[in-house]
Amino acid sequence: MTDSTALKLRARDATDMDVIASCLQDSLVPVRDIAFMKREKRFVMVLNRFKWEELEEAEAMGRALHKLQAEDDLQGEDLPEVDAGLDTDAKDASFEDAEARPVYHRTHAGLVFDKVRGVSTRNIDLQDKAHFLNLLTIATWPKEIILYFSQGGEIRLQVSEVRCHMKDLGEPWPTFARPEHALDAEPEAR
C-alpha cells in the first residue's frame, strides 16, 4: 500500500503546463464531466488519472513481490503435498496461484482553465455524454491550449493567458493496469 499524496498544481506558462500534461497523460475523461462556463471564462473537466508519480514505487514493489513468490515456490518444493481427499480439479484458487504484479493507482482530478475566450473541438461529440475520452497530452502556446485525445480528438482553448490549476479529488484506488498505447498520430506542429 502506498502513502499517496494528493497533487495540487498551478500553471502560468508553457513549462508549468508541461508538468501538468505529464501528470494527466492517459487520463480518462467522461464527456459528461467537461464544461465551458462562458460567462466565467472558465473551462473545467474531471479526469480519472493514472498516478505516474508513483510508477517507480509500484514497479519496485511488484519486483519485490515476485522475488518473494519465487522464494516461496522454491521452499514449497520441499514440503510434502497434503491431499485431503479433494479432487485437484475442484480446488479453489489460492493466493499462491496469483501472479505477483505491480499495483498502480488512479485518482480523480479536477482540471480548470481560467481566462478562456473560446472553445472548439475536433472529432469529439460533446452530446454523447456516456463516451469516455483518453487524454494523450496537452500542448501550450501563448494564446492557445490544445488537449489531444486518442482517435484524433482535440479540444482547443483560446486563452488570453495561461491560467490553469489541477487538483486530485478523493482517495486513489488500486489498479493492475498500466496505460500503454501507440500514438494515433503526432500532434501537429505550430
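Preceding this paragraph is the structure being described.
First things first, this report covers the structure right here in the doc. (Residues numbered from 1 in each chain as written. Predicted model: local features only at pLDDT ≥ 70, side-chain atom pairs only at ≥ 80, totals over all residues. Heavy atoms only, no water.)

Details of the overall build of the protein
Within the protein, the regular secondary structure consists of two helices and 10 strands. A buried classification covers 35% of the 190 residues belonging to the protein. Sequence-distant contacts, at least 24 apart, represent 77% of the contacts inside the protein between residues at least 6 apart. Accessible surface, the protein: about 12300 Å² in total, of which carbon and sulfur atoms supply 52%. (Helix = DSSP H or I, 4+ residues; strand = E, 2+ residues; numbered from the N terminus. Buried < 20%, exposed > 50% of the residue type's maximum accessible area, 1.4 Å probe, protein only. Contact = heavy atoms within 4.5 Å. Areas by Shrake-Rupley, 256 points an atom, 1.4 Å probe, with all protein chains shown as cover.)

Some details on the packing of aromatic side chains
With the rule as written, the count across this model stands at three aromatic pairs. Aromatic pair Phe43 and Phe113: ring centres 6.4 Å apart, planes at 45°, arrangement tilted. Remark: Phe113 occurs in strand S5 (residues 104–114) and Phe43 occurs in strand S4 (residues 42–50); sequence separation between them is 70 residues. Exposure remark for Phe43: the relative accessible area of 2% places this residue in the buried category. (Phe/Tyr/Trp six-rings, centres within 6.5 Å; stacked < 30°, edge-to-face > 60°.)

Topic: the pairing of strand S7 (residues 132–141)
Most of S7 sits inside the fold, with seven of its 10 residues counted as buried. Sheet topology note: the strand S2 (residues 27–30)/S7 ladder contains four bridges and is antiparallel. The residue of S7 that forms the bridge with Pro30 is Phe132. Two elements, S7 and strand S8 (residues 144–149), share six bridges in a ladder whose sense is antiparallel. Note on S8: the bridge partner recorded for Leu135 is Phe149. In this antiparallel pair of consecutive strands, S7 and S8, the connection spans two residues. (Pairing = 2+ DSSP bridges.)

Points about unusual backbone geometry
Phi at Asp26 takes a positive value of approximately 70°, unusual for a residue other than glycine. Positionally, Asp26 belongs in the loop between helix H1 (14–24) and S2. For Lys115, which is not glycine, the phi torsion reads 60° and is therefore positive. Relative to the helices and strands, Lys115 is located in the loop between S5 and strand S6 (116–122). Residue Lys115 is classed as partly exposed on the basis of its relative accessible area, which comes to 36%.

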